[in-house]
Amino acid sequence: KKILQVLIFICILPDLFKNLALKGTAVQSSTYYTWGAGNAIDGIRYAPGPASSCSHTSYQLNPWWRLDLLDYYNIYKVTITNRGDGWLEQTTGVEIRIGNSLVNNGNNNPRTGFFAARSTVSFSCGGMEGRYVNMYIPNIQAYLTLCEVEVYGIGNF
C-alpha cells in the first residue's frame, strides 16, 4: 500500500508544476482595442511598456474574464500577474471564482480569493474542483486588465 501511495505521488507531482492555463481557452466580457482574453494565457508574465500582451476589457459594469481548462481539475494554485507599466488599480477588487458552471458566465461559481492592486500574487485554492477559472469585478464600472493567469492543479480522475 505504501509503495502504491508513493507511485501515485510521483505520477501526480509533476502535474502540480505545469501551468494548465496554457492549454485552455479564454474569453472576456468585452475587449478594449486589440487586447483579447487569450493574451492573459500566452505564457508572457511581464509586459514592458503598454500592456500589449495583456487582456483588457472595455470600461463597463461587472467586467469578467474566464478561462476554460477544457477538462475538470482539482486546482491548488492560481497566480495572477498585473501590468508592468502602472495601472495596478485595474485589478482592484477582482474576485477569483472556480467551478463547473457557466451560469452568469461562470461568475456564480465559488469564490477562492480577492485580488488587490499588486504586480503578481498567488492564491492557494486547496484543490477546488473546476473547469472554469473566472476573474470578476462585481457591482462597479471598471476596466479589467490581466497580463498573465497561471493555474496549477491535477486532473480529476
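Scroll up to find the structure this text is about.
What you are looking at is a predicted structure, and each value in this text was computed from that prediction instead of being measured. (Residues numbered from 1 in each chain as written. Predicted model: local features only at pLDDT ≥ 70, side-chain atom pairs only at ≥ 80, totals over all residues. Heavy atoms only, no water.)

S.K.: Whenever I open this one, the side chain of Gln60 confuses me. Can you help?
M.R.: For Gln60, the location among the structural elements is in strand 3 (residues 60-61). A polar contact of 3.0 Å, which involves the side chain of Gln60, links it to the side chain of Ser29. (Helix = DSSP H or I, 4+ residues; strand = E, 2+ residues; numbered from the N terminus. Polar contact = N/O pair within 3.5 Å; in protein donor to acceptor, adjacent residues only side chain to side chain.)

S.K.: How should the pairing of strand 7 (residues 120-136) be read in this particular structure?
M.R.: Side-chain direction in a regular strand flips from residue to residue, so the side chains alternate between the two faces of the sheet. Pairing of strand 4 (residues 64-81) with strand 7, which is carried by 13 bridges, proceeds in the antiparallel orientation. Looking at the pairing, Ile80 lines up with Val121 of strand 7. The pairing of strand 5 (residues 94-99) with strand 7 spans five bridges and is classified as antiparallel. Pairing of Arg97 across the sheet is with Asn134, part of strand 7. (Pairing = 2+ DSSP bridges.)

S.K.: Looking at this structure, I do not really get the nonpolar core. What am I missing?
M.R.: One recurring pattern in soluble globular proteins: nonpolar side chains tend to sit buried together. Of all hydrophobic cores here, the largest spans 28 residues; its most connected members are Trp65, Ile75, Val78, Val133, Met135 and Val151. Mapped onto this core, the elements with two or more residues apiece are strand 4, strand 5, strand 7 and strand 10 (148-155). Looking at this core, the element that brings in the most residues is strand 4, giving seven residues. Discounting residues that sit within four places of it in the chain, Val78 has contacts with Ile98, Val121, Ser122, Phe123, Cys125, Met135, Val149, Glu150 and Val151. (Core = buried A, V, L, I, M, F, W, Y, C linked by side-chain atoms within 4.5 Å. Buried < 20%, exposed > 50% of the residue type's maximum accessible area, 1.4 Å probe, protein only. Contact = heavy atoms within 4.5 Å.)

S.K.: Please explain the environment of Tyr132 as it appears in this structure.
M.R.: Locating Tyr132 in the fold gives a position in strand 7. Expressed as a C-alpha distance, the spacing of Tyr132 and Leu70, which sit 62 residues apart in the sequence, is 8.3 Å. Beyond its immediate stretch of four places on either side in the chain, Tyr132 contacts Arg66, Leu67, Asp68, Arg97, Ile98, Gly99, Asn100, Ser101, Leu102 and Asn109. A polar contact is formed between the side chain of Tyr132 and the side chain of Arg131, at a distance of 3.5 Å.

S.K.: What is the right way to read the state of the cysteines from this model?
M.R.: Among covalent bonds in proteins, the disulfide is the one between the sulfur atoms of two cysteines. One pass over the structure, following the stated rule, counts one disulfide. Here Cys54 connects covalently by a disulfide to Cys147, the sulfurs 1.7 Å from one another. Around the S-S axis, the bridge from Cys54 to Cys147 shows a dihedral of about 80 degrees and counts as right-handed. With Cys54 in the loop between strand 1 (25-28) and strand 2 (55-56) and Cys147 in the loop between strand 9 (145-146) and strand 10, this residue pair connects regions lying 93 residues apart in the sequence. The two residues Cys54 and Cys147 agree in class, both being buried. (Disulfide = S-S within 2.5 Å.)

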